[in-house]
Amino acid sequence: MGMDTRRTTRALATEAVHAGRDDLAGLGLHAPPIDLSTTYPSYDSRAEAARIDAFATTGAEPDGPPVYGRLGNPTVARFETALARLEGTESAVAFASGMAALSAALLVRGSMGLRHVVAVRPLYGCSDHLLTAGLLGSEVTWTDPAGVADALRPDTGLVLVESPANPTLAEIDLRAVAHACGSVPLLVDNTFATPVLQRPAEHGARLVLHSATKYLGGHGDVLAGVVACDEEFAGRLRQVRFATGGVLHPLAGYLLLRGLSTLPVRVRAASANAAELAARLAADPRVDRVYYPRIGGAMVSFEVNGDPHEVIAGVRLITPAVSLGSVDSLIQHPASISHRIVDADDRRGAGVSDRLLRLSVGLEDVEDLWADLDAALGERKAAPARPEALAQG
C-alpha cells in the first residue's frame, strides 16, 4: 500500500462539516447521537468521588460519561469540539445563551479578585448593561482602542471588545489591542464575523465569545452561547457553568453542530447579498449613511433621513425582529430595542443614532430584498448621496 498523502490539516469548510463527528463512522453512525440523559449510572462510588475531586481541582472534562447533566453532555461536547477547531483554540465551553457565556467569563475573573473590566463601545446592548450596571460586581472603564493600555489596573480581569461591533459594525485592530492588553486576557465577541471571516485567537485574543443563537445556529431556532479559549480557562468556565447552571440543552447542542456544517456557505452567500445591498443603500438619496465592515459579513446598518419607524413598519419580506444571523433577513431599530437598555447619551456617543437601522441579511434573492427595502423606504427624497455615504469600520 502506498504512502498516505492526505493532508494533516483541514480547510475551514472541511472542519465545519467533519469536526466533532470524526468518530461517527467508527461507531457505525452517520448523524451525531442526541444524549438526553440528565444523570449517568455508576456502581463504583469511590471512582465517582475521585472523578468529582478531579473536576473540582481543574475543571477538566472527566473521562467516561458525565456524572450529571450539569457537569457536561456528550452531544454538547461535540459542538464544543467543532467550534474550538473552527476558532483555532484548544477548547470551547457552551452555555445556555451568549449572555450566560459572557457572565461566566466575568465570574471566572471576578472570583480571582479581578473585577475590573476595560471595554470599548459599542457592544451589544445587554453586554453594555451587564458591565455598566455592575450586576456581577464588576467595575467597567470605557475607552477607545488606543486607550486600552492606559485604562488597565492591577485588578483588571478582562479587556472586552466586539468587532465588527453591534450595531455600527465598527472594526478594531485586534492584534494591536491584544498587544496593549499585556497579560490581561482579551475577550473578543466574534458573533458578527464568525470564524469564517475572522479568528481572533490568531490575533492574540485569549477568549472568543459567540452568541451561538446567531450565525452558528443560523436558523433562528436555538438559543446558546459559547466561549472558545485555552484549556486552562475552559476548566474554570466549566466549574462556573456547573455551579451556576447555565448549561446548554443537548438538543440545542445537536442543532448547533448541524448549523456549523453549513456555516461557511451561509456566511459567504449572505455576505454577497449584504455587500450588494450596502452599495445600493449608499447610493440612495433616502439614506444618509451606510455602515458596512471592511471584513465583509452579512450585517448592514444605515441611517435614514426620514422616520426609521416607518421603514420597520413598511417591510413585508424582511422580518422586523431582534436577533440576527438567520437564513432569513431581519431588521430592527437599535435605539428602540437591542440598545434601548443603554443610556441614551452613551448610546449616541457610541455612534448609535436614533435614525440607525440594523439589517441582518439572509439568503433570499437580493433583488427581492432590494424591492422590499425600496418599498419600505418610501417616496422620501433628499440631496444626492455623498461619496462618503458608505462608511467602513
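Above this text you will find the structure in question.
Values in this document were obtained by computation on a predicted structure and should not be read as measured data. (Residues numbered from 1 in each chain as written. Predicted model: local features only at pLDDT ≥ 70, side-chain atom pairs only at ≥ 80, totals over all residues. Heavy atoms only, no water.)

1. Brief notes about the overall build of the chain
Of the regular secondary structure elements, the chain holds 14 helices and 13 strands. Against the 2.2 N^0.38 benchmark of 21 Å for 393 residues, the chain shows a C-alpha radius of gyration of 22 Å, consistent with a compact globule. Structurally, the chain occupies a C-alpha span of about 75 × 55 × 40 Å along its principal axes. Relative to its 393 residues, the chain shows a buried fraction of 52%. Pairs at least 24 apart in sequence give 71% of the contacts found in the chain among residues at least 6 apart. With an accessible surface of roughly 17,100 Å², the chain has 55% of that area assigned to carbon and sulfur atoms. Put simply, the chain has 36 plus and 46 minus side-chain charges, and the middle of one group is 2 Å from the middle of the other. (Helix = DSSP H or I, 4+ residues; strand = E, 2+ residues; numbered from the N terminus. Rg over C-alpha atoms; globule rule 2.2 N^0.38 Å. Buried < 20%, exposed > 50% of the residue type's maximum accessible area, 1.4 Å probe, protein only. Contact = heavy atoms within 4.5 Å. Areas by Shrake-Rupley, 256 points an atom, 1.4 Å probe, with all protein chains shown as cover. Lys, Arg positive; Asp, Glu negative; His and termini not counted. Charge placed at Lys NZ, Arg CZ, Asp CG, Glu CD.)

2. Section: unusual backbone geometry
The phi torsion of most residues other than glycine is negative, and most of the peptide bonds are trans. In this structure, the amide linkage connecting Arg 121 to the following residue, Pro 122, adopts the cis form with an omega of 0 degrees. Phi is positive for Leu 169, which is not a glycine, with a value near 65 degrees. Mapped onto the elements of the fold, Leu 169 is located in the loop between strand E4 (156–162) and helix H7 (174–181). Given a relative accessible area of 1%, Leu 169 falls into the buried group. Here Ser 323, not a glycine, exhibits a phi torsion of approximately 75 degrees, which is positive.

3. A word on the sheet that holds E4
If you walk across this open sheet you meet the seven strands as E1-E7-E6-E5-E4-E2-E3, and the pairing is mixed. On the outer flanks of this sheet lie strand E1 (91–95) and strand E3 (139–143), each paired with one strand and no other. Pairwise comparison of adjacent strand axes, ignoring direction, gives a mean angle of 20 degrees for this sheet. As paired strands, strand E6 (residues 207–211) and strand E7 (residues 225–229) are joined by four bridges and run antiparallel to one another. If you follow Val 208 over to E7, its bridge partner there is Ala 228. Its contacts with the sheet put helix H5 (residues 125–132) on strand E2 (116–120), E3 and E4, and the angle it makes with E3 is roughly 125 degrees. (Pairing = 2+ DSSP bridges. Axes fitted to C-alpha atoms, helices over the stretch in contact; angles between N-to-C directions.)

4. Remarks on the nonpolar core
The biggest cluster of nonpolar side chains holds 35 residues, and the ones touching the most others in it are Phe 79, Leu 216, Val 226, Leu 256 and Leu 263. At the level of secondary structure, the elements contributing two or more residues to this core comprise helix H1 (12–18), helix H3 (74–87), E1, E7, helix H10 (250–261) and helix H11 (263–282). Ranked by size, the runner-up nonpolar core spans 25 residues in total, among them Phe 95, Ala 105, Ala 119 and Leu 130. (Core = buried A, V, L, I, M, F, W, Y, C linked by side-chain atoms within 4.5 Å.)

5. Description of the packing of aromatic side chains
Scanning all chains against the criterion turns up one aromatic pair. Geometrically, the ring pair formed by Phe 55 and Phe 242 is edge-to-face, given 5.6 Å between the ring centres and 75 degrees between the ring planes. Of this pair, Phe 55 sits in helix H2 (residues 45–58) while Phe 242 sits in helix H9 (residues 231–244); the two residues are 187 residues apart in sequence, bridging distant segments of the chain. For Phe 242, a relative accessible area of 27% translates into the label partly exposed. The ring of Phe 242 has Arg 70 lying over it, and the distance from NZ or CZ to the ring centre is 4.5 Å. (Phe/Tyr/Trp six-rings, centres within 6.5 Å; stacked < 30°, edge-to-face > 60°. Lys NZ or Arg CZ within 6 Å of the ring centre and 35° of its normal.)

6. Some remarks on the pairing of strand E12 (residues 356–360)
Burial analysis of E12 places five of its five residues in the buried class, which makes it a mostly covered element. The alternating pattern of E12 places Leu 356, Arg 358 and Ser 360 and Leu 357 and Leu 359 on opposite faces, both of which are buried. Where strand E9 (residues 299–304) meets E12, five bridges bridge the pair, whose relative direction is antiparallel. Each bridged residue has a counterpart across the sheet, and for Phe 302 the counterpart in E12 is Leu 357.

7. Things to note about the side chain of Arg 51
As for its placement among the helices and strands, Arg 51 is situated in helix H2. The buried category is assigned to Arg 51, whose relative accessible area is 18%. Ignoring any residue separated from it by four or fewer positions in sequence, one finds Arg 51 in contact with Pro 62, Asp 63, Gly 64, Pro 65, Pro 66 and Val 67.

8. With respect to the layout of surface pockets
Considering only enclosed or pocket space, the largest pocket measures out at about 340 Å³ in volume. In terms of lining, the largest pocket is formed by 22 residues, of which the most central are Met 99, Tyr 124, Asn 166, Ser 211 and Lys 214. When contributions to the lining of the largest pocket are tallied by element, the ones reaching two or more residues are helix H4 (98–110) and E6. The leading source of residues in the lining of the largest pocket is E6, at three residues. Among the residues forming the lining of the largest pocket, the class breakdown is eight nonpolar, ten polar and four charged. Taken together, 17 residues make up the lining of the second largest pocket; nearest its centre are Glu 61, Pro 66, Gly 72, Asn 73 and Pro 74. Looking at which element gives the most residues to the lining of the second largest pocket, the answer is H3, with four residues. Grouping the constituent residues of the lining of the second largest pocket by class yields nine nonpolar, four polar and four charged. (1 Å grid on protein atoms, 1.4 Å probe; cavity = no way out; pocket = protein on both sides within 12 Å on 5 of 7 lines; lining within 4 Å. Points joined across faces, edges and corners; volume = space filled by probe spheres on them. Nonpolar A, V, L, I, M, F, W, Y, C, P; charged D, E, K, R; others polar.)

9. Observations regarding the side chain of Glu 48
Along the chain, Glu 48 turns up in helix H2. Residue class for Glu 48 comes out buried when judged on its relative accessible area of 13%. Discounting chain neighbours no more than four positions away, the residues touching Glu 48 are Ser 42 and Val 67.

Remember that the coordinates give geometry; whether it matters functionally is a separate question.
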